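Each chain, written out:
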Amino acid sequence: MKRMSLILVLALVTLAAATATFAADPEIIGVPKCKMCHKAKTGDQFKIWTESKHANAFETLKNEKSASIAAEMGLGNAWEAPECLKCHTTQHFTGAAINAKAKYELAEGVGCEACHGPGSGYKSKKTMKDHDASVAAGMWVPDEASCVKCHNEESPTFAGFDFAARWEEIKHPVPAAE
């Protein structure tokens, strides 16, 4: 009887631990992890991102214009103000934790995971080869609604937002499999 009880307790503990592992919130893995696969062979997504304003979003918080805006708003340093970081960094936009093995830095600005969601759940090559599996594992599919969370009147530099035009500048599809 004691042996059966012990086996039952161990089974329940194992099940609880497995459930906790799979139920963990997705975490940020950082652009360097995404870059490992998203190079020229798969559509050059990394290069497209590096040439975008998103890649430099954090650095813009350190220029004179940002300093002036932050001072007018009474925020202190723009690169430290949550009001600015929420749209200029992946971590503050998603609110997700950073994976312990990640090489994430605020300096990556608006990285892959700001638009596609924290990648810890969908980062594997096997998952990424199947779009539906990636979405099921937590990948976000960006659309106009996700973009206007930052590109809106709340931004002190907002000058309108044409989603279709901006999408043409930033889109980076994966080529169809041959």
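Scroll up a little and you will see the structure.
Criteria and thresholds
- Residues numbered from 1 in each chain as written.
- Predicted model: local features only at pLDDT ≥ 70, side-chain atom pairs only at ≥ 80, totals over all residues.
- Heavy atoms only, no water.
- Helix = DSSP H or I, 4+ residues; strand = E, 2+ residues; numbered from the N terminus.
- Buried < 20%, exposed > 50% of the residue type's maximum accessible area, 1.4 Å probe, protein only.
- Contact = heavy atoms within 4.5 Å.
- Areas by Shrake-Rupley, 256 points an atom, 1.4 Å probe, with all protein chains shown as cover.
- Disulfide = S-S within 2.5 Å.
- Phe/Tyr/Trp six-rings, centres within 6.5 Å; stacked < 30°, edge-to-face > 60°.
- Polar contact = N/O pair within 3.5 Å; in protein donor to acceptor, adjacent residues only side chain to side chain.
- Salt bridge = Lys/Arg side-chain N within 4 Å of Asp/Glu carboxyl O.

**Student:** What am I meant to see in the overall build of the protein here?
**Tutor:** Across its full length, the protein carries 12 helices and zero strands. Going residue by residue from the N terminus, the α and β elements of the protein occur as α-α-α-α-α-α-α-α-α-α-α-α. Sorting the 178 residues of the protein into buried and exposed places 25% on the buried side. Long-range pairs, those at least 24 residues apart, make up 57% of the contacts in the protein with a sequence separation of at least 6. With an accessible surface of roughly 12,100 Å², the protein has 60% of that area assigned to carbon and sulfur atoms.

**Student:** How do you make sense of the state of the cysteines when you look at a structure like this?
**Tutor:** Cysteine pairs can be covalently joined through their sulfur atoms, and such a bond is termed a disulfide. Under the counting rule described, the total for this entry stands at one disulfide. With a sulfur-sulfur separation of 2.2 Å, Cys87 is cross-linked through a disulfide to Cys150. Taking the torsion about the sulfur-sulfur bond, which here is approximately -90 degrees, the covalent link between Cys87 and Cys150 counts as left-handed. Of this pair, Cys87 sits in helix α6 (residues 82–88) while Cys150 sits in the loop between α11 (144–147) and α12 (163–170), and the two are 63 residues apart along the sequence. Of all cysteine sulfurs in the structure, the one in Cys34 sits closest to Cys37, which takes part in no disulfide; the separation is 8.8 Å. A relative accessible area of 43% means that Cys37 is categorised as partly exposed. Free of any disulfide, Cys84 has its nearest cysteine sulfur in Cys87, 9.3 Å distant.

**Student:** Would you mind going over the environment of Cys147 with me for this structure?
**Tutor:** Along the chain, Cys147 falls in helix α11. Separated by 33 residues in the primary sequence, Cys147 and Ala114 place their C-alpha atoms 9.8 Å from one another. Leaving out residues up to four positions away in the same chain, Cys147 has contacts with Phe161 and Phe163.

**Student:** What's the story with the packing of aromatic side chains in this structure? I'm lost.
**Tutor:** For the coordinates displayed, the defined rule picks out three aromatic pairs. Both rings, one in Phe46 and one in Trp49, keep their centres 5.9 Å apart while their planes meet at 40 degrees; by these two values the pair is tilted. Placement of the pair is Phe46 and Trp49 together in helix α3 (residues 45–50), with a separation of three residues, close to one helical turn. Taking relative accessible area as the criterion, Phe46 reaches 23% and is therefore assigned partly exposed. The class for Trp49 is buried, based on a relative accessible area of 12%. The interplanar angle of 55 degrees and the centroid separation of 6.5 Å between the aromatic rings of Phe161 and Phe163 together place this pair among those described as tilted. Through a chain of ring-to-ring contacts, three or more aromatic side chains come together here, namely Phe161, Phe163 and Trp167.

**Student:** How do you make sense of the side chain of Thr89 when you look at a structure like this?
**Tutor:** Topologically, Thr89 is positioned in the loop between α6 and α7 (90–94). Given the relative accessible area of 0%, Thr89 is considered buried. At a separation of 2.9 Å, a polar atom in the side chain of Thr89 contacts the main-chain carbonyl oxygen of Leu85. The contact partners of Thr89, leaving out residues within four places of it in the chain, are Phe58, Tyr104, Leu106, Gly109 and Val110.

**Student:** Would you explain the pattern of salt bridges in this entry?
**Tutor:** Here the idea is simple: oppositely charged side chains can pair when their charged atoms come close. Considering all chains together, one arrives at five salt bridges under this definition. Between Glu51 and Lys47 there is a salt bridge; the shortest N-O distance is 3.2 Å. For Glu51, a relative accessible area of 56% translates into the label exposed.

By themselves, these observations are geometric and do not establish any function.
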